[in-house]
Amino acid sequence: MLKPLGDRVVVKFNEEQEKTVGGFVLAGAQKESTRKAKVVAISDTGIRTITGELVPPSVKIGQEVLVESGHDLEVTFNDEKVSIIRESDIIAIITE
């Protein structure tokens, strides 16, 4: 598995395709400004402040989060599509 550095987080986005009643996938469907994702990996250290203090990551592996669209680097690792984002691009943690 990928191990992100600094304040980066590896997530897997929930792929939701828009379909018509007949089952056709709509190409070029408008993307939302936020997307749901599941946290797959986080950094061990977190990020350093200006004074040198370490701020640990505020998310945990397995949590569902809401991420700003367009702020991800999509990679394929072991035939699995995941995205690397900065923790600051996470808007919220989804809780039940």
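Procedures and definitions
- Residues numbered from 1 in each chain as written.
- Predicted model: local features only at pLDDT ≥ 70, side-chain atom pairs only at ≥ 80, totals over all residues.
- Heavy atoms only, no water.
- UniProt positions renumbered as here; feature names shortened; annotations may be inferred.
- Core = buried A, V, L, I, M, F, W, Y, C linked by side-chain atoms within 4.5 Å.
- Buried < 20%, exposed > 50% of the residue type's maximum accessible area, 1.4 Å probe, protein only.
- Helix = DSSP H or I, 4+ residues; strand = E, 2+ residues; numbered from the N terminus.
- Contact = heavy atoms within 4.5 Å.
- Polar contact = N/O pair within 3.5 Å; in protein donor to acceptor, adjacent residues only side chain to side chain.

As recorded in an unreviewed UniProt entry, the chain goes by Co-chaperonin GroES and comes from Streptococcus pseudoporcinus LQ 940-04. Check the Subunit (unreviewed entry) section of the UniProt entry for the chain; it says "Heptamer of 7 subunits arranged in a ring. Interacts with the chaperonin GroEL." As stated in UniProt under Sequence similarities (unreviewed entry), the record for the chain gives "Belongs to the GroES chaperonin family."

Explanation requested: the nonpolar core in the structure shown.
Looking at soluble globular proteins, one finds that nonpolar side chains tend to be buried together. Counting residues in hydrophobic clusters, the biggest one holds eleven residues: Val9, Val11, Phe13, Ala37, Val39, Ile42, Val59, Val65, Val67, Ile85 and Ile90. For this core, the elements supplying multiple residues, two or more each, are strand 1 (8-13), strand 2 (34-42) and strand 5 (64-68). Dropping the residues within four chain positions of it, Val67 is found in contact with Phe13, Ser33, Thr34, Arg35, Ala37, Ile85, Asp89, Ile90 and Ile91.

Where do I start with the side chain of Ser43 in this structure?
Here Ser43 shows up in the loop between strand 2 and strand 3 (47-48). There is a polar contact of 3.2 Å between the side chain of Ser43 and the backbone nitrogen of Thr45. Here the side chain of Ser43 touches Gly46 through a polar contact of 3.4 Å, landing on its backbone nitrogen. Look past the residues within four positions of Ser43 in its chain and what remains in contact with it is Pro4, Leu5, Gly6, Arg8 and Pro57.

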